[in-house]
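Notes for the structure review
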Amino acid sequence: MTSVKTALASFDRVSLDFDTPNGPMTVVEDVSYDIHGGDFVAVIGPSGCGKTTMMSMLAGFQKPTSGAVTFEGRPITGPGSERGVIFQEYGVYPWLTVRDNIAFGLGLKANRVPARECDEICEHYLSLMGLSDFANSYPKHLSGGMRQRLAIARAYAVKPKFLLMDEPFGALDAQTRANMQNMLLGVLAAEEKTVMLITHSVEEAIYLASRIVVVTARPARIREIIDVKIPYPRSEAIQEYPEFGELRKYVRGLVMREYRAQQVQNRPASFSE
Ligand SMILES: Nc1ncnc2c1ncn2[C@@H]1O[C@H](COP(=O)(O)OP(=O)(O)OP(=O)(O)O)[C@@H](O)[C@H]1O
Ligand SMILES: [Mg+2]
């Protein structure tokens, strides 16, 4: 028997062109895939290939030039509180304190919670992210890694159904990064969520994701979608499993080919070997 699972989100033959001084540039081309509730999709591909652009369409910040991006069966017309975004650059408001940044989303109409609950949620995430001592500081007084943790806390606090994370751990040191990855797995074990995460780390993609979408050099097309069959809950021990190593080798091979193709593309036209 085949069970028909309806997708939570889907890309259906999606392309996007940007206008540039040299004419239109195709950044995403003919991308189709479905994301089901509970999926953890990691997107990996070379710098500048179109990953953030792809995610922006799901977040509702960009519209496809052709094709459709849908959420719960309807075309996406703009941002929504059920889709929480963690931006590649720190998504924090410089004019609000650390605590008020976390509380911000909880004051919006779509997510409003009573003041006491808001306080509890803020305390919880301040402590989880190691920011309790800086609750009343402003972002400019935080380090880069702390600002990034604040951006993560802000997105988690409103408990969106769908988390869209654009290189959320890229600016963190290796230990904090591992910590944040484990914390994310913990959040996902406790709350049913769907995730799209952009990363440059093959290990991070395999450790966290249920599916890895490898995209090509610009324009971003689907190179391959790989199922990560290692069951959840996952712990760091899985990184020693033979299947982890085999998958890493395979995904690295795919990704490296695209990184090289992107490098060639980025060379000035006059450059010759
Ligand atoms: N608003 C825009 N207008 C014009 N061009 C844009 C715009 N946003 C992105 N681009 C271009 O689209 C291409 C893809 O950008 P995008 O940010 O999606 O790449 P990316 O895969 O996320 O790269 P990275 O890994 O470096 O974050 C780049 O060449 C970029 O210059
Ligand atoms: Mg990007």
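What follows deals with the overall build of the protein. Looking only at helices and strands, the protein features seven helices and 10 strands. Expected size for 273 residues packed as a compact globule is a radius of gyration near 19 Å; at 19 Å, the protein falls within 12% of this value. With the principal axes as the frame, the protein shows a C-alpha extent of 60 × 50 × 50 Å. Put simply, the protein has 273 residues, and 48% of those count as buried. Expressed as a percentage of contacts within the protein between residues at least 6 apart in sequence, the contacts between residues at least 24 apart total 69%. Put simply, the protein shows about 13,900 Å² of open surface, and 51% of that area lies on carbon and sulfur atoms. For the protein, the centre of its 30 positive side-chain charges and the centre of its 31 negative side-chain charges are spaced 2 Å apart.

In space, the four strands of this open sheet follow the order β2-β1-β4-β5, with antiparallel pairing throughout. The open sheet is flanked by β2 (23–35) and β5 (74–75), the only strands paired with a single partner. With two bridges joining them, strand β4 (residues 66–71) and β5 adopt antiparallel strand pairing. Bridging from a neighbouring strand, F71 pairs with R74 of β5.

Moving on, we get to the domain arrangement of the protein. Per the domain assignment, the segments making up the protein are domain 1 (1–82 + 165–268) and domain 2 (93–159). Here the C-alpha centroids of domain 1 and domain 2 sit 26 Å apart. Taken together, the contacts link 14 residues of domain 1 with 11 residues of domain 2. Between domain 1 and domain 2, roughly 990 Å² of surface is buried when both sides are summed, and carbon and sulfur atoms account for 68% of that area. Contact with domain 2 buries surface across domain 1, with S81, M180 and M183 losing the most and accounting together for 38% of the total. Across the domain 1-domain 2 interface, the total number found is one salt bridge. With a closest N to O distance of 3.6 Å, E191 and K159 form a salt bridge. Across the domain 1-domain 2 interface, the total number found is one residue pair in polar contact (both at pLDDT 80 or more). Of the residues in the side of domain 1 that touches domain 2, the class split is nine nonpolar, two polar and three charged.

To continue, consider the sheet that holds strand β8 (residues 194–198). The strand order across the open sheet built from six strands is β6-β7-β8-β3-β9-β10, with neighbouring strands paired in mixed fashion. In the strand order of this sheet, the two ends are held by β6 (83–86) and β10 (222–227), each with one partner. Within the sheet, the average angular offset between the axes of one strand and its neighbour, ignoring direction, is 15°. Taken together, the four bridges between strand β3 (residues 40–44) and β8 define a ladder with parallel strand orientation. Across the sheet, residue V41 finds its bridge partner in β8, namely M196. Packed on one face of the sheet, helix α7 (residues 242–266) meets β3, β9 (211–215) and β10 and runs near 170° to β10.

Turning to unusual backbone geometry, a few remarks are in order. Cis rather than trans, the peptide bond between R218 and P219 has omega equal to -5°. Along the chain, P219 turns up in the loop between β9 and β10. Here Y232 and P233 are connected by a cis peptide whose omega angle stands at -5°. In the Ramachandran plot, R13 falls in the positive-phi region, its phi being about 50° despite a non-glycine side chain. Counting through the fold element by element, R13 comes out in strand β1 (residues 9–20). Looking at R13, the relative accessible area reads 53%, which means it is exposed. Here the phi dihedral of E167 falls at roughly 45°; this positive angle occurs in a residue that is not glycine. Along the chain, E167 falls in the loop between β7 (162–166) and α5 (174–190).

Glancing now at the pattern of salt bridges. What the rule picks out here adds up to 12 salt bridges. The closest approach of N and O atoms between R13 and D30, which form a salt bridge, is 3.0 Å. Taken as a pair, R13 in strand β1 and D30 in strand β2 lie far apart in primary sequence, 17 residues in all. Looking at D30, the relative accessible area reads 38%, which means it is partly exposed. For E191, the salt bridge goes to K193, with nearest N and O atoms at 2.9 Å. As far as burial versus exposure is concerned, E191 and K193 are alike and both buried. Several salt bridges share partner residues, and in doing so they unite K159, E191 and K193 into one network.

The rules we used
- Residues numbered from 1 in each chain as written.
- Chains lettered and ligands numbered in written order.
- Predicted model: local features only at pLDDT ≥ 70, side-chain atom pairs only at ≥ 80, totals over all residues.
- Heavy atoms only, no water.
- Helix = DSSP H or I, 4+ residues; strand = E, 2+ residues; numbered from the N terminus.
- Rg over C-alpha atoms; globule rule 2.2 N^0.38 Å.
- Buried < 20%, exposed > 50% of the residue type's maximum accessible area, 1.4 Å probe, protein only.
- Contact = heavy atoms within 4.5 Å.
- Areas by Shrake-Rupley, 256 points an atom, 1.4 Å probe, with all protein chains shown as cover.
- Lys, Arg positive; Asp, Glu negative; His and termini not counted.
- Charge placed at Lys NZ, Arg CZ, Asp CG, Glu CD.
- Pairing = 2+ DSSP bridges.
- Domains from an automatic or database assignment.
- Buried area = accessible area lost by both parts, 1.4 Å probe.
- Salt bridge = Lys/Arg side-chain N within 4 Å of Asp/Glu carboxyl O.
- Polar contact = N/O pair within 3.5 Å; in protein donor to acceptor, adjacent residues only side chain to side chain.
- Nonpolar A, V, L, I, M, F, W, Y, C, P; charged D, E, K, R; others polar.
- Axes fitted to C-alpha atoms, helices over the stretch in contact; angles between N-to-C directions.

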